[in-house]
Amino acid sequence: MRIIFAGTPEFARVAMASLAAAGHDIPLVLSQPDRPAGRGLKLQASPVKQYALEIGAAVAQPRSLRLDGKYPEDAAVARQAIVDAKADVMVVAAYGLILPQWVLDTPRLGCLNIHASLLPRWRGAAPIHRAIEAGDTQTGITIMQMDAGLDTGDMLLIDALPIAPTDTTGSLHDKLAELGGRMIVQALSTKELRRTPQPETGITYAHKIEKAEAAIDWTQDAAAIVRRVHAFDPFPGAASGLAGENLKIWNTSVADLPRPSEAVPGQIVVVAPEGLAVAAGNGVVHITEVQRPGGKRMAVRDFVRGTGLTVGQIFDARAA
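What you see is a predicted model; the values in this text were computed from it and never measured.

Turning to the sheet that holds strand 18 (residues 289–291), a few remarks are in order. Strand order in the open sheet formed by four strands is 12-13-18-19, with antiparallel pairing between adjacent strands. Both edges of this open sheet fall to strand 12 (238–242) and strand 19 (297–299), since each of them pairs with a single strand only. The sheet shows a mean angle of 40° between the axes of neighbouring strands, taken without regard to direction. Pairing geometry for strand 12 and strand 13 (residues 245–249), over five bridges, is antiparallel. Opposite Ala239, over in strand 13, you have Lys248 as the bridge partner. Set on the sheet, helix 8 (residues 300–307) makes contact with strand 12, strand 13, strand 18 and strand 19; between it and strand 19 the angle comes to about 85°.

Given below as structure tokens:
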């Protein structure tokens, strides 16, 4: 098929590469404008744009697709490119722009979305993060026929994937990206896909992750804290203040030891080479990896060696 591909991050690049490997023609790629990144804040192309340039596909990077919006000139140029592509279908994965009705109507077979959840659970921007944070035991990929709503279109294919207790957003992202690539190839090779309306029950929304959410609330249960640490790995990273430093907390688990009755939430109750044990509101969190400001991730044994950390010190309720 002739496919217009719309996507931005690595999750989308994996799907696009799967489509190219399956022999589909991708004459046009839509991706978000280049963004400043790295220490020098140099403009950097998205993973999807980089891959598009590798395979020789034309790239459009409109700031908006609304012809009556803030950037009508961008939308007009994109519209001409979309019309000229004469695509059978548009495939969308983590693109980042809302598609107005004229986009949905232009390709012969409409627009298909690769969504990283079992719809209607976790519609919205951050389905992988929110599934882990909520303690879900499974997630998956839904291939959806897009309509004008927020992830409300009919389902074409759906496949589940278990969430392991040790999964982070990073590890689960990679599994789902691979599954999404396989499923969109399957969808486009199936002669007649059955459209199934989404159930009216079980709808939840995966709101965008905000940096302000990174601060660990040590009054929560240990299991809830661990889930949030996993959900916010690699972005934005769970954080907490300690001795005036804003530490990012990475590898964690629920510690298999009783919470000392005299400990306050956030208080270090064990300092050992294999990790820190920190009292939560209920239970104890075991930490094996941290990151100091401007530094790299490090094992707790190395952190303790360099700081002289002691039992009794208390992590701030909020990031420093």
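Anyway, onward from the coordinates.
Here we take up the packing of helix 1 (residues 10–21) against helix 2 (residues 47–55). One way to put it is that helix 1 packs onto helix 2 with a least axis distance of 8 Å and a crossing angle of 25°. By the criterion of interaxial angle, the relationship of helix 1 to helix 2 is roughly parallel. Taken together, the residues of helix 2 that come into contact with helix 1 (itself represented by Glu10, Ala12, Arg13, Met16, Ala17 and Ala20) are Pro47, Val48, Tyr51, Ala52 and Ile55. For the contact of helix 1 with helix 2, the per-class residue count stands at nine nonpolar, no polar and two charged.

Turning our eyes to something else, we now look at the sheet that holds strand 1 (residues 2–7). The strand order across the open sheet formed by seven strands is 5-2-1-6-7-9-10, and the pairing between neighbours is mixed. Of all the strands in the sheet, just strand 5 (58–60) and strand 10 (155–162) have a single pairing partner and so form its edges. Each strand axis lies, on average, 20° off the axis of its neighbour in the sheet, ignoring direction. As paired elements, strand 2 (residues 25–30) and strand 5 share three bridges and run parallel to each other. Looking at strand 5, one finds that Leu30 is bridged to Ala60. The strands touched by helix 3 (residues 72–85) are strand 1, strand 2 and strand 6 (89–93); relative to strand 2, the strand with the most contacts, the crossing angle is about 170°. Relative to the sheet, helix 6 (residues 169–189) contacts strand 1, strand 6, strand 7 (111–115), strand 9 (138–145) and strand 10, its axis offset from that of strand 10 by approximately 150°.

Cut-offs applied
- Residues numbered from 1 in each chain as written.
- Predicted model: local features only at pLDDT ≥ 70, side-chain atom pairs only at ≥ 80, totals over all residues.
- Heavy atoms only, no water.
- Pairing = 2+ DSSP bridges.
- Helix = DSSP H or I, 4+ residues; strand = E, 2+ residues; numbered from the N terminus.
- Axes fitted to C-alpha atoms, helices over the stretch in contact; angles between N-to-C directions.
- Contact = heavy atoms within 4.5 Å.
- Parallel < 35°, antiparallel > 145°, perpendicular 65-115°, else oblique.
- Nonpolar A, V, L, I, M, F, W, Y, C, P; charged D, E, K, R; others polar.

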